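Residue strings, one per chain:
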Amino acid sequence: MIHAHITTWFLALVLFIIALMMHKSGKQKGLKVVHMILRLFYLLIIGTGVWILSSLNSIDLLYVLKSLVGIWVIAMFEMIIIRTVKGKKTSILWGQFVVALILVLYLGFVKLPLTFMT
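Identification of the protein chain as UPF0344 protein BBV17_19240 from Cytobacillus oceanisediminis is taken from an unreviewed UniProt entry. Quoted verbatim from the Subcellular location (unreviewed entry) field of UniProt, the annotation for the protein chain is "Cell membrane". The annotation that UniProt attaches to the protein chain under Sequence similarities (unreviewed entry) is "Belongs to the UPF0344 family."

Draft legend 1. View of the overall build of the protein chain. For the protein chain, the helix and strand inventory stands at four helices and zero strands. N-terminal to C-terminal, the α/β element order of the protein chain is α-α-α-α. Against the globule reference of 13 Å for 118 residues, the protein chain gives a C-alpha radius of gyration of 15 Å, in line with a compact fold. With respect to the principal axes defined by its C-alpha atoms, the protein chain has extents near 50 × 25 × 20 Å. Taking the contacts inside the protein chain whose residues are at least 6 apart along the sequence as the reference set, 72% of them involve residues at least 24 apart. Accessible surface computed for the protein chain: about 7,400 Å², of which carbon and sulfur atoms make up 75%.

Scoring rules and cut-offs
- Residues numbered from 1 in each chain as written.
- Predicted model: local features only at pLDDT ≥ 70, side-chain atom pairs only at ≥ 80, totals over all residues.
- Heavy atoms only, no water.
- UniProt positions renumbered as here; feature names shortened; annotations may be inferred.
- Helix = DSSP H or I, 4+ residues; strand = E, 2+ residues; numbered from the N terminus.
- Rg over C-alpha atoms; globule rule 2.2 N^0.38 Å.
- Contact = heavy atoms within 4.5 Å.
- Areas by Shrake-Rupley, 256 points an atom, 1.4 Å probe, with all protein chains shown as cover.

Right, dumping it as structure tokens:
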């Protein structure tokens, strides 16, 4: 299940970048399609994350923290896309996104014992 979780969030990150590039090139119809697919990936990320948490014998507080930071990353994906489409300022959201992404990657790959190698 770890592989499915990592694959879904990696593909979500790629879709996020594609959505931003589509907006920049003015392809609004394609952006809507990619944005809806990205929303499906949010659900897949959360679903696989819940599955991983439920399969643990004992849930450490760091796993809960990683889950909350992961939801923060998903929220930043969504808020950045929506505010970019509306033409609003996103610099604070980008800062939060970078901090949350670094934190969730640190917790997932360095601090916690479950990695993609299991």
